[in-house]
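Understanding the architecture of this molecule
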Amino acid sequence: MLPALIAIAYIILQIIGRPTLAPANDAYRYNQAALQFLGDSPEQAHRTALKAYCHDKVRRETRSHGLKPENLRDNAAPYPTPGKGFSACMAESADGLKPLSPRYERIFDVRPGFPVLAAPFVAVFGAGSGLLVTSVLFTVVGGLVAYLLLRAVGAPARFALVGQAFFYACPIGWWGGYPLTEGPVLALIMTSLLGAWWLFNRRLTAGTILLTGSMVVGTAVKYSTFLLVAGALAASAMVCLALVAGTRHRGTYLMAALNAAVVLGIGALSIHYNLPGSTETLQDTFTDHFAQPDVAAPWPMLVELNGNYWAHWIQEQVRSPWLIAAVGLGAWGLFRHSRALGWIVLAVGLTGIAAEIAHPVDSQGDRLMLNVWVIAVVGLPLLLHQLIQGRERVSQLPVDGTVSDSRQVSRSAH
């Protein structure tokens, strides 16, 4: 009951906060794809998706106009009426929303998972709300899976509820409230972790089904992310096999093999279908989405950009170190609870750092690094439980340090 109430509270907060959402360029493209899956022609899908985008754009601009103090003066220039703003937006993007490069469009064409998942909701709620409903519902599912994962690793219910609530309250919940892929991606990452943990605990059939299903759907949604996640899970399994006693069994070997197969499978798909890879991503980054000519040497530029970005990032974190503190304490809680769990969750969380290194763009930093928060979501409730449990044990000790608990007396009598 309580997990459902927390999930409902998150949904209500997203409904209340929806007017603050900025229009999303990516959402226009995902809407187009979803509408075409529903049977619209490319032109119909473009018009419908553009209408949804322009409605959001005008709403956002109208809201921003009213928030500027100078616009409340009697002699301030009036803001264009919403109707004129909408017409201007539609006319400006009559041929499609910029950027219009076919290379940029292909980045979305090869990621059909989100539009397919969203198509039923787009059919019911329309292009303006369908994607948002999809993302919010998947974020809700992700929080519920976080609760189930914490229960599976041995956390009491009240601490698992803390993890679920933190999943919604941290940046995962923030980005999960946008009509973008972050909601499905983080939900599928959480189900992958649960499947991996089941395999570590010899629940072979259930773990295999959940992990494999999560990886297949996740690859369709965002193959680049799940290439990293699968590689991280395979690596964590190998580390556990080498370093963690009690993990050398069929479940761990199966977990390593399944994720290695996913890595090889995504690689094979990339070669066969010539999917955009790291070099194309770099060209997208350094050419402003292919609006400028390709650069001759993107990799040295990436190294230089990383140097600039991470120096800036560290300075920002020093001023407000909440991410570092949450992730550091979360990792501590994970490894105190279980070394195997610590390696699994840490490996998956660090894929957020890897994504940021591959695409160090300041305006997208918190979004690209979102996976890092998984460490805090799972680890902080476990650390809280450990600390409270430790205090309770200490409180049961009299001044001379002997245990006064009647259960201890009973054990000693035997």
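Residues numbered from 1 in each chain as written. Predicted model: local features only at pLDDT ≥ 70, side-chain atom pairs only at ≥ 80, totals over all residues. Heavy atoms only, no water.

Feature annotation in UniProt assigns "transmembrane region" (unreviewed entry) to the following positions: residues 121-150, 183-199, 204-221, 227-246, 253-273, 318-335, 340-358 and 370-388. Taken end to end, residues 370-388 is 84% helix and 0% strand, and its first and last C-alpha atoms sit 28 Å apart. (UniProt positions renumbered as here; feature names shortened; annotations may be inferred. Helix = DSSP H or I, 4+ residues; strand = E, 2+ residues; numbered from the N terminus.)

What follows covers a nonpolar patch on the surface. Together, M1, L2, L5, I8, I12, L13 and I16 line one region of the surface with nonpolar side chains, adding up to about 760 Å² of accessible area. Looking at the element boundaries, L2 is found in helix α1 (residues 2-17). Of the residues examined, L2 reaches a relative accessible area of 49% and is grouped as partly exposed. (Patch = residues over 30% accessible without salt bridge, like charges linked within 9 Å, V, L, I, M, F, W, Y side chains within 5 Å. Areas by Shrake-Rupley, 256 points an atom, 1.4 Å probe, with all protein chains shown as cover. Salt bridge = Lys/Arg side-chain N within 4 Å of Asp/Glu carboxyl O. Buried < 20%, exposed > 50% of the residue type's maximum accessible area, 1.4 Å probe, protein only.)

So, about the domain arrangement of the protein. Where interface size is given, it is often the accessible area lost as the parts come together that is meant. Taken domain by domain, the protein comprises domain 1 (1-101) and domain 2 (113-390). Here the C-alpha centroids of domain 1 and domain 2 sit 28 Å apart. On the side of domain 2, 31 residues touch domain 1, which itself brings 24 residues to the contact. Here domain 1 packs against domain 2, burying approximately 2,300 Å² in sum over the two surfaces, 77% of which is carbon and sulfur. Where D26 meets R367, a salt bridge forms, and the shortest distance between an N and an O atom there is 3.6 Å. There are 5 residue pairs in polar contact (both at pLDDT 80 or more) connecting domain 1 and domain 2. Elements with a contribution of two residues or more to the side of domain 1 that touches domain 2: α1, α2 (25-37) and α3 (42-67). (Domains from an automatic or database assignment. Contact = heavy atoms within 4.5 Å. Buried area = accessible area lost by both parts, 1.4 Å probe. Polar contact = N/O pair within 3.5 Å; in protein donor to acceptor, adjacent residues only side chain to side chain.)

Looking now at the environment of W313. Among the structural elements, W313 can be located in helix α14 (residues 298-319). When the C-alpha atoms of W313 and G365 are compared, they prove to be 8.9 Å apart, with 52 residues separating the residues in sequence. For W313, the residues in contact, after removing those within four places along its chain, are L323, I324 and M369.

Before going further, it helps to spend a moment on the nonpolar core. Ranked by size, the top nonpolar core spans 99 residues in total, and within it I172, M190, L193, L233, M255, V374 and V378 carry the most contacts. Considering each element in turn, this core owes the most residues, 12 residues, to helix α10 (residues 182-200). Ignoring anything within four residues of it in the chain, the contact list for M255 reads A196, L199, F200, L211, L233, S236, A237 and I344. (Core = buried A, V, L, I, M, F, W, Y, C linked by side-chain atoms within 4.5 Å.)

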